[in-house]
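In case you want the letters, here they are:
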Amino acid sequence: MAHWTDRRADRGGKIVAGNWKLQPPRGEGVELFRAILAGLGDAPVGAGGPGAWVIPPAPYLGLFGGELSLGAPLGLGAQDLSPCGYGAHTGELGGELLADFGCALVLVGHSERRQGGESDPEVAEKALAADRAGLLPLLCVGESEVERDQGDTIAVVERQLAAVLATLAPERPLWVAYEPVWAIGTGRTATSEQVVEVHQAIRKSLARGGRDGAGTPILYGGSVNHSNAGALLAEEEIDGALVGGASLKAESFLAIVEAGATVSD
Ligand code: PEP
């Protein structure tokens, strides 16, 4: 059986995940979700799971989970989780609860959370908690502009990765998103060459950590839109896109999904 971590599994194309962040308001969000679902139609879903994902703010999860039928071409992800399990943890949102509401994936270590003070060990703890709850952790790594200018890109990404690789057993599923901080929400997309170089370094790190580096899906995120997605996703090294701003309009999100399907044909 194909595994979550098998990047070559049939998903009907590359992986495209839309991180909605803290938006949009309820009416628009419901409309957006339904338009994406309708636009995907009966897109094929292979044993490796859906190729398209929405990662909305937490209150949407219960709502959308109830609208997705088994085998739907759209997966549901969360933006963060608490490492706490069920119990007396006021205000926390644990992985088991997310899974109960139809979530299959969760972002860990998004740069907007790291900027809020989340450390590498905390990210690793969350990746472990996600796995324990049966959620697929999508680990976000990436350098700041200063770090890139200083030539520290690979070292930063390796450090962020190492914390998780030291915590999560190598046979447990993990996806990675390379998201240079300077490219997020800025309109400055990394070049294919820059992305490929970092993805190759990530694969080597994964292999050194006892993982299947070649088989692990690695997504790129940072100002991906319908105009640049085709060129990025045409790279064999780039298994998909994590999309912020452009995932908030059904047409642009679906155009990126389509670009991913086209280059995979
Ligand atoms: C993100 O926040 O994960 C992201 C990639 O955002 P954007 O596409 O807007 O740069």
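Before going into details, it helps to say that this report is about the structure given with it. (Residues numbered from 1 in each chain as written. Predicted model: local features only at pLDDT ≥ 70, side-chain atom pairs only at ≥ 80, totals over all residues. Heavy atoms only, no water.)

Section: the overall build of the protein chain
Rule in force here: Each helix is a run of H or I in the DSSP string that is no shorter than four residues. Each strand is a run of E no shorter than two, and both are numbered from the N terminus. For this measure, only C-alpha atoms enter the radius of gyration; the expected value for a globule follows 2.2 Å times N^0.38, where N is the number of residues. Throughout this description, buried means an accessible area under 20% of the type-specific maximum (1.4 Å probe, protein chains only), exposed means over 50%, and partly exposed covers the range between. Charge assignment in this entry is limited to Lys and Arg as positive and Asp and Glu as negative, and neither His nor the chain termini are counted. Taken as the charge location is NZ of Lys, CZ of Arg, CG of Asp or CD of Glu.
From N to C terminus, the protein chain includes 10 helices and eight strands. Taken over C-alpha atoms, the radius of gyration comes to 17 Å for the protein chain, in line with the 18 Å a tight globule of 265 residues would show. Relative to its full complement of 265 residues, the protein chain shows a buried share of 53%. Of the charged side chains in the protein chain, 20 are positive and 34 negative; the average position of the first set lies 2 Å away from that of the second.

Some thoughts on the packing of aromatic side chains
Selection criterion: Here a pair means two rings of Phe, Tyr or Trp (six-membered ring of Trp) with centres within 6.5 Å. Their orientation is stacked below 30 degrees between planes, edge-to-face above 60, and tilted elsewhere.
A complete count under the given rule lists six aromatic pairs for this structure. On the numbers, 3.9 Å between centres and 5° between planes, the contact of Phe-33 with Phe-64 is stacked. Separated by 31 residues along the polypeptide, Phe-33 in helix H1 (residues 26-40) and Phe-64 in helix H2 (residues 59-65) bring together distant segments of the chain. Here the two residues Phe-33 and Phe-64 agree in accessibility, since each one is buried. By way of ring pairs, the aromatic residues Trp-20, Phe-33, Tyr-60 and Phe-64 are connected into one cluster.

Remarks on the pairing of strand S4 (residues 105-108)
Test applied: We treat two strands as partners when DSSP finds at least two bridges between them. Looking down the strands as they point away from the viewer, one classifies a crossover as right-handed if the path from the first strand across the helix to the second runs clockwise.
Covered by surrounding structure in S4 are Leu-105 and Leu-107 together with Val-106 and Val-108, the residues of both alternating faces. For strand S3 (residues 74-78) and S4, the ladder comprises two bridges, and the chain directions are parallel. Residue Gly-77 lies in a different strand from S4, and its bridge partner there is Leu-105. For the segment spanning S3, helix H3 (residues 95-100) and S4, crossover handedness is right-handed.

Considerations on the site of the ligand
Here is the rule we go by: One heavy atom suffices: a residue is near a molecule or strand as soon as one of its heavy atoms comes within 4 Å of it. Distance and chemistry together define a polar contact, namely a pair of N or O atoms within 3.5 Å, with one atom able to donate a hydrogen and the other to accept it when in protein, and with adjacent residues in sequence counting only for side-chain atoms on both sides. The protein chains shown are the only cover counted for residues, whose accessible areas, like all others here, come from Shrake-Rupley with a 1.4 Å probe.
What surrounds the ligand is a group of 14 residues, the closest being Lys-21, Glu-179, Gly-185, Ser-223 and Gly-244. Measuring from an oxygen atom of the ligand, one finds a side-chain N or O atom of His-110 at 2.9 Å. Contacts to the ligand include Ser-223, whose backbone N or O atom sits 2.7 Å from an oxygen atom. When the ligand sits alone it has 300 Å² of accessible area, and the protein chains cover 96% of it.

Looking at the packing of H1 against helix H10 (residues 250-264)
When two helices pack together, their arrangement is given by the angle between their axes and by how far apart the axes lie. Put simply, the rule is: Geometry is summarised by axes, namely lines fitted to C-alpha atoms with helices restricted to the contacting stretch, and by angles between N-to-C directions that run from 0 to 180 degrees. In this scheme the handedness of a crossing depends on how the near helix is turned from the far one: anticlockwise by less than a right angle means left-handed, clockwise means right-handed. Two residues form a contact once any of their heavy atoms are found within 4.5 Å. Any residue that is not Ala, Val, Leu, Ile, Met, Phe, Trp, Tyr, Cys, Pro, Asp, Glu, Lys or Arg is counted as polar, Gly included; the first ten are nonpolar and the last four charged.
For the pair H1 and H10, interaxial distance at closest approach is 9 Å and the crossing angle is 35°. Here the hand of the crossing between H1 and H10 comes out right-handed. Of the residues in H10, those in contact with Leu-32, Ala-35, Ile-36, Gly-39 and Leu-40 of H1 are Ala-250, Phe-253, Leu-254 and Val-257. Considered class by class, the residues forming the contact of H1 with H10 number eight nonpolar, one polar and no charged.

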